[in-house]
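Inside the fold
If you want the building blocks of each chain, they are given just below.
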Amino acid sequence: DHQVSFGLWIEADSLNNTLSESVLVDGDPLLYRYGASGETISGLSLNSPMNMTNWGEVVILKSEDITLKSLSITGARGAQGASGNDFDSKSHPPATSGEEAVGVRMEDCLGCSLVDVSIEDITGGTGGSGLSAAAPAGAGVGLHVAGCEGLSVEHLVISHITGGTGGGTREGMLSSSA
């Protein structure tokens, strides 16, 4: 398995920013809104092999009356977890879980809508491998909704959404000297 790439990594303490569609990730416009109001975003196809952001391919946060219309979102993948050990110490960190991958994330929105939106091929990250126990895989999520009121969804197609695979173990690779 391989690591994934992100066009833009946004820390949780840096969400309140304005990023327009003039920001391109592998030729696809970045669809990120924070505190926006009264917009329709329509007629776009996002299929970059690179993830747009670590929050999702399309991200709408703390916004009002945003309509996503006639959009196609394809191909996000969660980051792979790190390999490690079965115990936690500074010199022997444990294996970590794979990260989630999200097609559309809408949080703390009021009166927003999705119309004729297609989300497909979203895969969670592979869990890291441990000595005798593997870390869990990340979730694949088509539409993540949290803290929204009055959300309207019409003609939403979600397909081929899968979690990543759990990491393997390295027990068979251990050897003892006699």
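A quick note: this is a predicted structure, and the numbers were derived from the prediction, not measured. (Residues numbered from 1 in each chain as written. Predicted model: local features only at pLDDT ≥ 70, side-chain atom pairs only at ≥ 80, totals over all residues. Heavy atoms only, no water.)

In this structure, the largest pocket spans a volume of roughly 200 Å³. Every residue lining the largest pocket is counted, 17 residues in all, and those nearest its centre are F6, N54, W55, E99 and E100. Among the elements of the structure, β7 (51-53) and β10 (101-107) are those that each provide at least two residues to the lining of the largest pocket. Sort the elements by how many residues they give to the lining of the largest pocket and β10 lands first, with three residues. In terms of residue class, the lining of the largest pocket is made up of seven nonpolar, five polar and five charged. (1 Å grid on protein atoms, 1.4 Å probe; cavity = no way out; pocket = protein on both sides within 12 Å on 5 of 7 lines; lining within 4 Å. Points joined across faces, edges and corners; volume = space filled by probe spheres on them. Helix = DSSP H or I, 4+ residues; strand = E, 2+ residues; numbered from the N terminus. Nonpolar A, V, L, I, M, F, W, Y, C, P; charged D, E, K, R; others polar.)

Our focus in this paragraph is the sheet that holds strand β12 (residues 140-146). Spatially, four strands are ordered β4-β8-β10-β12 in an open sheet, and the strand pairing comes out parallel. The sheet is open, and its two borders are formed by β4 (31-34) and β12, each paired with just one other strand. For this sheet the average axis-to-axis angle between neighbouring strands, irrespective of direction, equals 10°. Of the pairings in the sheet, the one linking β4 to strand β8 (residues 58-61) comprises four bridges and is parallel in character. Paired with R33 across the strands is I60, a residue of β8. (Pairing = 2+ DSSP bridges. Axes fitted to C-alpha atoms, helices over the stretch in contact; angles between N-to-C directions.)

Moving on, we come to the confidence of the model for the protein. When pLDDT is low, close inspection of the predicted coordinates is not appropriate. Per-chain confidence: the protein averages 87 in pLDDT, with 87% of residues scoring 70 or above. Per-element confidence in the protein ranges from a low mean pLDDT of 91 for strand β1 (residues 6-8) to a high of 98 for β8. Throughout residues 172-178 the model reports pLDDT below 50, and contacts reaching past four residues in sequence, or to other chains, amount to one contact. (pLDDT = per-residue confidence, 0-100. Contact = heavy atoms within 4.5 Å.)

With that out of the way, let us pick up the environment of G78. Within the element layout of this structure, G78 appears in the loop between β9 (64-74) and β10. Counting along the chain gives 22 residues from G78 to G56, while the straight-line C-alpha distance between them is 9.5 Å.

So, about the packing of aromatic side chains. For the coordinates displayed, the defined rule picks out one aromatic pair. Seen from their ring centres, F6 and W9 are 5.1 Å apart, and the 80° between their planes marks the pair as edge-to-face. Owing to a relative accessible area of 25%, F6 belongs among the partly exposed residues under this scheme. (Phe/Tyr/Trp six-rings, centres within 6.5 Å; stacked < 30°, edge-to-face > 60°. Buried < 20%, exposed > 50% of the residue type's maximum accessible area, 1.4 Å probe, protein only.)

For the rest of this paragraph, the subject is unusual backbone geometry. A positive phi angle, near 50°, is found at S70, a position not held by glycine. In this structure, S70 sits in strand β9. When its relative accessible area of 36% is taken as the criterion, S70 is described as partly exposed. Backbone geometry places H160, a non-glycine residue, at a positive phi of 55°. Within the secondary structure, H160 sits in strand β13 (residues 152-162). Taking relative accessible area as the criterion, H160 reaches 56% and is therefore assigned exposed.

Another aspect to go through is the state of the cysteines. Tallied over the entire structure, the rule returns zero disulfides. Looking at the unpaired C112, the closest cysteine sulfur is the one in C109, lying at 4.1 Å. Its relative accessible area of 1% is what places C112 among the buried residues. (Disulfide = S-S within 2.5 Å.)

Take P93: it is sitting in the loop between β9 and β10. When its relative accessible area of 41% is taken as the criterion, P93 is described as partly exposed.

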